[in-house]
Amino acid sequence: MTRSPFRSIMIAIASVLVAELPANAEDDLESAFRGKRLAEANCAGCHAIAQFDESTLGAAPPLREIGSRFSPKELRDMLSGKVFREHAMMPDFEPDHQQAADLANYILSISDNRSEAHAKPSRRLHRM
Ligand code: HEC
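Residues numbered from 1 in each chain as written. Predicted model: local features only at pLDDT ≥ 70, side-chain atom pairs only at ≥ 80, totals over all residues.

Asks: Give a detailed account of the overall build of the protein, specifying residues and quantitative values.
Replies: Along its length, the protein carries 6 helices and 0 strands. Reading the helices (α) and strands (β) of the protein from amino to carboxyl end gives α-α-α-α-α-α. A burial count over the protein gives 24% of its 128 residues as buried. The long-range fraction of contacts in the protein, counting pairs at least 24 apart against all pairs at least 6 apart in sequence, stands at 55%. (Helix = DSSP H or I, 4+ residues; strand = E, 2+ residues; numbered from the N terminus. Buried ≥ 20, exposed ≤ 12 C-beta atoms within 10 Å, placed from the backbone. Contact = placed C-beta atoms within 7 Å.)

Asks: Explain the site of the ligand residue by residue, including any values.
Replies: Around the ligand sit 20 residues, and of these Asn42, Cys43, Cys46, Ala59 and Ala60 come closest. Counting residues per element, the ones that place at least two in the shell around the ligand are α2 (25–42) and α4 (72–86). With 3 residues, α4 is the largest single contributor of residues to the shell around the ligand. Residues that form the shell around the ligand fall into these classes: 16 nonpolar, 4 polar and no charged. (Near = placed C-beta within 6 Å. Nonpolar A, V, L, I, M, F, W, Y, C, P; charged D, E, K, R; others polar.)

Asks: Can you break down the environment of Lys82 residue by residue, with the values?
Replies: Looking at the secondary structure, you find Lys82 in helix α4. Overall, the presence of 11 C-beta atoms within 10 Å leaves Lys82 in the exposed class.

Asks: Pulling in residues and values, what's your account of the nonpolar core?
Replies: Residues Ala39, Leu63, Leu103, Ala104, Tyr106 and Ile107 are the most contacted members of the largest nonpolar core, which totals 16 residues. The set of elements that each furnish at least two residues to this core consists of α2, α4 and α5 (97–109). For this core, the element with the most residues is α5, which contributes 7 residues. Excluding residues that lie within four positions of it along the chain, Ala39 makes contacts with Ala44, Ile49, Leu63, Leu103 and Tyr106. (Core = buried A, V, L, I, M, F, W, Y, C linked by C-beta atoms within 7 Å.)

Take a look at the structure:
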């Protein structure tokens, strides 16, 4: 298998990130990447979905703020469908269990003010 320089760089960055993360970190990282794609496709029309952007729709709180207000479990529960049914403005989005977890992982990775926040690997994650 040939490796492009880009791929090697990505692997190097990923290994640094993984080294900073707790157990299951590799899974969490992949999950957060999938969550990022989901957010780009389904949430960016209204919510800010990165660390320094602004919401397109003023009424929609930036996802990073939502992430700092809820525990990981609360966030997963909300995102498993409830929140989309409760808020009239939100799209009909029915994520499956994995997608809800992926979104929660991504949102937590870009959130500040979290007690368990460690080395902030997300600062790099969201730029990839
Ligand atoms: C059409 C615009 C729109 C889209 C698309 C959208 N949202 Fe929202 N969302 C809103 C608005 C507006 C609010 C605030 C509703 C309120 O405060 O009553 C909101 C609220 C939320 C909340 C609740 C925050 C709280 O404090 O209760 C969550 C969580 C959320 N959105 C997540 C998402 C996610 C994840 C996606 C993508 C899968 C998404 N939203 C897509 C408009 C949108």
